[in-house]
Amino acid sequence: MIRRPPRSTPKPSSAASDVYKRQGYNVRLLVDDFDGLINTWFQRSEQFRSTVDNSLNCKYDEGEKNKLDLFRCGKPNAPLYVFVHGGYWQRGDKSVYSFVAESFVRSGIDVALIGYQLCPESSMTGIVNQIRTALIWLWRNAHNYAISKDRINISGHSAGGHITGMILATDWQQISSELPKDLVKTGIPISGLYQLEPLRKTTIADALGLDDVESMALSPHFFEPITTAPILVTLGGAETPEFHWQTDQFVEKWKLNDAPLEYHAEPDVDHFGVIERLASKDSQIFKKISDWLL
């Protein structure tokens, strides 16, 4: 089942309109002070971490960045919202995004933020495998950290949206027969990248090292979900045409599978504004996701 609301049309200012048309996948061009934005997010995250029941830097694998943060709401058997940050697989850190967890925790939802080794130190195949390892760690260690192993939900933004798609196409029992086929109960990719070939024509690809084989092998568009876990595909309504194309193509392909699929475009926000909305209890996207999880 798919429900597709009208797309929110981007309305850049006249001064920004040329930039909007040029930028393609270079979404930083829409932000006048990108470093300032990230610094603001980090400060919000630092403040939140000081006020919440948490377990920080839990080591799930051997790499320096292979750690995750857990934020608990205090309710038994709460759903677990697992969030994977973006940054084109080569930038970013989980510590910047703790602020995203606050509204979820205050609404009775536990949150895990996963860190991972970045390209070019890691390959993209390696990154996807790291997130699989982190999810298995959460499933195996849930009791020790007072979270539910039976209510794990995967989500991520941008590159994290891509990884979410790859996780939904993962056969857990091929990894280990002890793992449940439905280890992940729902998937919520946000402004994801589902076909990688277009990125190989940009400077983004310089650090990724993608060849023809890996580009196809890591494009969720060409796979299908292994389970029937419901999928909520989201993005900012004012994303660039490239991101709308990525999402539209993915939705059209994956809606043909057995997994129930819904679509949501958050009105009037771009690639970074959708993260701000995700962190707000009053936004459409937060209400939709929290209702989805609860």
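Residues numbered from 1 in each chain as written. Predicted model: local features only at pLDDT ≥ 70, side-chain atom pairs only at ≥ 80, totals over all residues. Heavy atoms only, no water.

1. Overview of the side chain of Gln130
Mapped onto the elements, Gln130 comes out in helix H4 (residues 124-141). With a relative accessible area of 8%, Gln130 lands in the buried category. In this structure Gln130 touches Tyr60, Asn66, Tyr116, Gln117 and Ser122, once residues within four positions along its chain are discounted. (Helix = DSSP H or I, 4+ residues; strand = E, 2+ residues; numbered from the N terminus. Buried < 20%, exposed > 50% of the residue type's maximum accessible area, 1.4 Å probe, protein only. Contact = heavy atoms within 4.5 Å.)

2. Quick word on the side chain of His264
Inspection of the secondary structure assignment puts His264 in strand S8 (residues 261-266). Taking relative accessible area as the criterion, His264 reaches 6% and is therefore assigned buried. Engagement of the side chain of His264 in a polar contact is seen with the side chain of Glu266, the distance being 2.8 Å. Discounting residues that sit within four places of it in the chain, His264 has contacts with Leu232, Val233, Thr234, Leu235, Gln284, Ile285 and Lys288. (Polar contact = N/O pair within 3.5 Å; in protein donor to acceptor, adjacent residues only side chain to side chain.)

3. Things to note about helix H2 (residues 34-49)
With 16 residues, H2 extends 23 Å between its outermost C-alpha atoms, agreeing within 8% with the 22 Å of an ideal straight helix rising 1.5 Å per residue. Looking only at H2, the buried set comprises Phe34, Leu37, Trp41, Ser45, Phe48 and Arg49. Down the axis of H2, the sector holding all buried residues measures 105 degrees, keeping them to one side. Exposed positions of H2 whose direction lies more than 90 degrees from the buried face are Asp35 and Gln47. (Expected span 1.5 Å × (residues − 1). Arc of directions from axis to C-beta.)

4. Topic: empty space enclosed by the protein
In this approach, a probe sized like a water molecule rolls over the atoms, and the result shows the empty space that is left. Under the definition given, this model contains 1 cavity of 30 Å³ or more. Each pocket or cavity is described by its volume, and for the largest cavity that value is around 30 Å³. Lining the largest cavity, in full, are Ile167, Leu168, Thr170, Trp172, Lys181, Val184 and Thr227. Within the lining of the largest cavity, the residues separate by chemical class into 4 nonpolar, 2 polar and 1 charged. (1 Å grid on protein atoms, 1.4 Å probe; cavity = no way out; pocket = protein on both sides within 12 Å on 5 of 7 lines; lining within 4 Å. Points joined across faces, edges and corners; volume = space filled by probe spheres on them. Nonpolar A, V, L, I, M, F, W, Y, C, P; charged D, E, K, R; others polar.)

5. A few points about helix H5 (residues 159-168)
Quick reminder: α-helices carry 3.6 residues per turn. Residues three or four places apart thus point the same way. A large share of H5 lies buried, amounting to 10 of its 10 residues. Taken together, the buried positions of H5 are occupied by Ala159, Gly160, Gly161, His162, Ile163, Thr164, Gly165, Met166, Ile167 and Leu168.

6. Observations regarding the sheet that holds strand S3 (residues 80-84)
Across the sheet, which stays open at both edges, the 8 strands sit in the order S1-S2-S4-S3-S5-S6-S7-S8 with mixed pairing between neighbours. Strand pairing shows two members of the sheet lacking a second neighbour, strand S1 (54-59) and S8, which therefore form its edges. Averaged over all neighbouring strand pairs, the angle between strand axes comes to 20 degrees, with direction disregarded. Sheet topology places strand S7 (residues 231-236) next to S8; 6 bridges connect them, and they run parallel. (Pairing = 2+ DSSP bridges. Axes fitted to C-alpha atoms, helices over the stretch in contact; angles between N-to-C directions.)

7. Looking at unusual backbone geometry
Cis geometry marks the peptide bond from Cys119 to Pro120; its omega dihedral reads 5 degrees. Here Pro120 shows up in the loop between strand S4 (110-114) and H4. Of note in the backbone geometry, Ala146 takes a positive phi value of approximately 55 degrees without being a glycine. Counting through the fold element by element, Ala146 comes out in the loop between H4 and strand S5 (152-157). Positive phi, close to 65 degrees, is recorded for Asp268, a residue that is not glycine. Relative to the assigned elements, Asp268 resides in the loop between S8 and helix H9 (273-278). Here Asp268 falls in the exposed class, since its relative accessible area comes to 53%.

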